[in-house]
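# Architecture and fold: a report
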Amino acid sequence: MKSRRRWIIGAALVASVGLVAAGCGGGDAGSDGSSADVKKGGTYRIGTVDFGFTNAFDPTGEYLGLAWGYYSNLLSRTLVGYRHRPGGPGNELVPDLADSVPEPSADGLTYTFKLKQGIKFGPPLDREITSKDIAFAFERIGTKSLAAQYAFYYDVIEGMAAFKDGTAKTISGIQTPDDKTISIKLTVPTGDFLYRLAMPATQPMPREVAGCFKNAGDYGRYVVASGPYMIDGSAAQDATSCKTLKPLSGWDPSKKMTFVRNPSYDPATDDAEYRSANVDSVTVDINTNSQDIFDKIKQGQLDGSPDTPPNTVVAEYAQDAALKDLLKVNSGDRTWFITMNTTRAPFDDVNVRKAANFIVDKAAIQQAWGGPAAGAIATHIVPDAMYGGKFPADYDPYPLDEAKAKEAMKASKYDTDKDGLCDVAACKNVFHVSRNSEPWSKYNPIIAESFKKIGIELNTRELPTGNAYTTIQTVARNVPVASNAGWGKDYADVGTFAVLFQSATIQATGQSNYSLIGLTAEQAKDLKVQVPVGGVPTVDADIKACEPLLGDERQQCWIAFDKKLMEEVVPWVPYLDANNIDVVGPAVTQYEFDQFASEMAFAHLAVDPALQK
């Protein structure tokens, strides 16, 4: 879930960009992934048009990939983590707070961790992290008022349900027999559970600070570090009591975020292969002018941006021999899509959703993103890379075809005269949420023109990234159609896309099942939305059938699930199987890509201050 932008260039130029970009990757010019000979120090300066956070940077609820990059690379540590490298090695689990990656008990239900000695919270606490700080993180996950956006991953922990509904004061499946031991017991064997423990919501949280904040997002401006960096202003924080706490000066949601070295961090408790922590600080500044950000990167006034550059910039870097080494392209493990709400007319009719898939000009949208360099046109839900080459390469159930789109529309209840056009009031002035920055602002007219060909007239509302996400993540808003969202893996398993269509993940705010697949009548009543006559499609049983499987059997199950979503359920119009594109400034001496967060690996970046302007 992150921000990416670009716009149209000529077809011949796009082809050349694609050829050059295909050879780009993570790492510096030598790119052996080593930081041993990289000079430390300096400040890595980042510009972005919008933070885009989904829960104000509170780690319990925050679900933006970029935020995960800041947490896991810079600010926090978890029981297990990642190397923050590209490709396969970047998806492998490594010990972090724990001294090893454990095997489960013989019955597959219990995981026991021993914590390393000497790992401390940063200022203002400067105390050793204990197992109870990790247990408290799970209590926050189970506290409904904090809107933990991916709390469903932890429902398999014994006692979590009772804690959530208030019938238990602790989570019975989490035990802390001493300060350096934590054991977690599950209700059913869960093969990917260790991956779930590398997600930022499980980072240790000190009760004496995090416990002061009872509402969603509030802890985001007070986060206490456990990693190599902390938010600037942490050293001046007064944690004597909840009343003395003040928002950290280095984090202003409208202006900036600044990370500085954490004096309590001991590199001996970490591994330089995982976090080389080269720079002294990282600054992230808001600049609503995207082009200006990339002009400053080229001029050496900034070092990078998490925003994908305009396609004119991509083309320039791809063709200029002096710049092309500063263009970095990696597999994003991400799908960009148009989501359709199955509770709202006309999208409560599967034939309308199929018509939308046939009519949207995905090739034109790809051009708006920057052509093939931005990624392949998506023909199904989950990125091809997640299947390891096993998904059929020729699968495309909805090639661009206006005739087939109109035939699908004729089969719907919203085409009363059967002329291939939606002709009822529900197809007029249809609220459509998107973003107000490139490439969205460039291709919103493409989407509107496509839908118009089947009689659906969109009323597009362009919003800043964060506002767009919170709008469609609030069920009561009941947005009919949106094109602002993308989804990247939570970890290296196809099941992290399946959660987008699971009824259990639907919640009032901060939810990602935008199409409301599987919504029950009881949920609809609680959330104050209407279930259409005939209900909405559900795939809960399909997900449950795939979850316990392993190896190739698991892959084949998810492939069948993906096809069912596209052919029978049809919640989205997926349009881009996306790459991650970065350009870096001339002062950057090492760039790495973090496959986990699908962002630049902040843990390994390095700069030469003498080259900065």
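Keep in mind it's a predicted model, so treat the numbers as computed, not measured.

### Here's the deal with the confidence of the model for the protein
For the protein, per-residue confidence averages 92 on the pLDDT scale, and 94% of positions sit at 70 or higher. When the criterion is pLDDT under 50, residues 1-33 qualifies, and its contacts beyond four places in sequence or with other chains add up to 120 contacts.

### What about the pattern of salt bridges?
Tallying each qualifying case throughout the model produces 28 salt bridges. With a shortest N-O distance of 3.0 Å, D58 and R140 are connected by a salt bridge. Of this pair, D58 sits in the loop between β1 (43-48) and α2 (65-75) while R140 sits in helix α3 (residues 131-141), and the two are 82 residues apart along the sequence. Here R140 falls in the buried class, since its relative accessible area comes to 2%. Between K390 and D552 there is a salt bridge; the shortest N-O distance is 3.0 Å. Here K390 is found in the loop between β12 (375-377) and α11 (402-410), whereas its partner D552 is found in helix α17 (residues 551-569), with 162 residues between them in sequence. For K390, a relative accessible area of 42% corresponds to the partly exposed category. For D552, a relative accessible area of 42% puts it in the partly exposed group.

### Structural notes on the pairing of strand β5 (residues 174-178)
When β5 meets strand β6 (residues 181-185), the two strands line up antiparallel, connected through 3 bridges. Its bridge partner lying in β6, I174 is registered against I184. Counted along the chain from β5 to the antiparallel partner β6, the turn is 2 residues long.

### Here we look at the state of the cysteines
Applying the stated rule across the entire model yields 3 disulfides. Disulfide pairing is shown between C546 and C557; the S-S distance is 2.0 Å. Taking the torsion about the sulfur-sulfur bond, which here is approximately -85°, the covalent link between C546 and C557 counts as left-handed. Residue C546 is found in helix α16 (residues 540-546), and its partner C557 is found in helix α17; the two are separated by 11 residues along the sequence.

### Some remarks on the side chain of E592
Relative to the elements of secondary structure, E592 occurs in the loop between β18 (588-590) and β19 (593-594). With relative accessibility at 3%, the residue E592 sits in the buried group.

### As for unusual backbone geometry
Cis peptide bonds are those with omega within 30 degrees of zero, and the linkage from P123 to P124 qualifies with 10°. Along the chain, the position of P124 falls in the loop between β4 (110-114) and α3. The omega angle of the peptide bond from E438 to P439 is 5°, so this bond is cis rather than trans. As for its placement among the helices and strands, P439 is situated in the loop between β13 (430-435) and α12 (440-452). Phi at D333 takes a positive value of approximately 50°, unusual for a residue other than glycine. When you line up the elements, D333 lands in strand β11 (residues 327-340). Even without a glycine there, the phi angle at N429 is positive, about 55°. For N429, the position within the fold is in the loop between α11 and β13.

### Here's the deal with the sheet that holds β5
What links the strands of a sheet is backbone hydrogen bonding, and the strands pair in either a parallel or an antiparallel sense. On the basis of which strands lie adjacent, the open sheet formed by 3 strands has the order β4-β6-β5 and antiparallel pairing. Both edges of this open sheet fall to β4 and β5, since each of them pairs with a single strand only. Taken over all neighbouring pairs, the strand axes of this sheet differ in orientation by 15° on average, direction set aside. As paired strands, β4 and β6 are joined by 5 bridges and run antiparallel to one another. Within β6, the position partnered with Y111 by the bridge is I184. The sheet contacts of α3 involve β5 and β6, and relative to β5 the element is tilted by about 165°.

About the cut-offs
Residues numbered from 1 in each chain as written. Predicted model: local features only at pLDDT ≥ 70, side-chain atom pairs only at ≥ 80, totals over all residues. Heavy atoms only, no water. pLDDT = per-residue confidence, 0-100. Contact = heavy atoms within 4.5 Å. Salt bridge = Lys/Arg side-chain N within 4 Å of Asp/Glu carboxyl O. Helix = DSSP H or I, 4+ residues; strand = E, 2+ residues; numbered from the N terminus. Buried < 20%, exposed > 50% of the residue type's maximum accessible area, 1.4 Å probe, protein only. Pairing = 2+ DSSP bridges. Disulfide = S-S within 2.5 Å. Axes fitted to C-alpha atoms, helices over the stretch in contact; angles between N-to-C directions.

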